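Examining the three-dimensional arrangement
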Amino acid sequence: MSVTFMYPKTVTEYNNFGRKTALATFVTGSLIVALYFYTAFSGMIFVSLFFIISFFLLNTVVSVSLIRLLLKNKKNKKDKKSILTTLFIMSLNLPVGYAYLQLGFKIYAHTIT
């Protein structure tokens, strides 16, 4: 039995994957923060660190793939607009992720002392 990764092939598939990645990142990050505040379990800091590193890498790969696709499809205005929209949606996670990171650092600083 072989496992194959379904890598996006069309602009629509790339856009769907990028948007799902943005949504998954936001929802998972928000759940981790909510879970910490609900339970006050300091181990969530380490879970969130793993989350930040793994989703940062995933978002970077997806964003670079979308940018490459954008450069390849410069002349198709419909594809260009949809790719830019997906990149914009993905970039909305940046300030949220930064706020969660700052919050995590504050919690971590209080946990150590």
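Here goes a summary of the coordinates provided. (Residues numbered from 1 in each chain as written. Predicted model: local features only at pLDDT ≥ 70, side-chain atom pairs only at ≥ 80, totals over all residues. Heavy atoms only, no water.)

**What to know about the nonpolar core**
Looking at soluble globular proteins, one finds that nonpolar side chains tend to be buried together. What counts here: Only buried residues count toward a nonpolar core, which is a set of Ala, Val, Leu, Ile, Met, Phe, Trp, Tyr and Cys residues joined through side-chain atoms within 4.5 Å. For the exposure calls, accessible area comes from a 1.4 Å probe over protein chains only, and a residue counts as buried if that area is under 20% of its type's maximum, exposed if over 50%, partly exposed in between.
Counting residues in each nonpolar core, the largest one holds ten residues, listed as Val11, Tyr14, Ala22, Val62, Leu66, Leu69, Leu70, Ile83, Leu87 and Met90. Among the nonpolar cores identified, the runner-up in size contains seven residues, and Ile32, Met44, Ile45 and Ile107 belong to it.

**Observations regarding a nonpolar patch on the surface**
We apply this condition: Residues with no salt bridge and a relative accessible area higher than 30% make up the patches, which join like charges within 9 Å and nonpolar side chains (Val, Leu, Ile, Met, Phe, Trp, Tyr) within 5 Å. Methods summary: accessible areas were calculated by the Shrake-Rupley approach with a probe of 1.4 Å, and residue burial reflects only the protein chains presented. Each salt bridge in this description consists of a side-chain nitrogen of Lys or Arg and a carboxyl oxygen of Asp or Glu lying within 4 Å of one another.
Judged by side-chain polarity, Leu23, Phe26, Val27 and Leu31 come together as a nonpolar surface patch covering roughly 380 Å² of accessible area. The exposure class assigned to Phe26 is partly exposed, which follows from its relative accessible area of 37%.

**Concerning the packing of aromatic side chains**
The cut-off we apply is this: Within 6.5 Å between ring centres, the rings of Phe, Tyr and Trp (the latter by its six-membered ring) count as paired, and their orientation is classed by plane angle as stacked under 30 degrees, edge-to-face over 60, tilted in between. Helix numbers and strand numbers start at the N terminus; a helix is a DSSP run of H or I with at least 4 residues, a strand a run of E with at least 2.
According to the stated counting rule, one finds two aromatic pairs in the structure shown. Judged by centre distance (5.5 Å) and plane angle (70°), the rings of Tyr36 and Phe37 are edge-to-face. A centroid spacing of 4.7 Å and a plane angle of 45° characterise the contact between Phe51 and Phe55, whose relative ring orientation is tilted. Taken together, the residues Phe51 and Phe55, both in helix α2 (residues 44-72) and four residues apart, mark about one turn of the helix.

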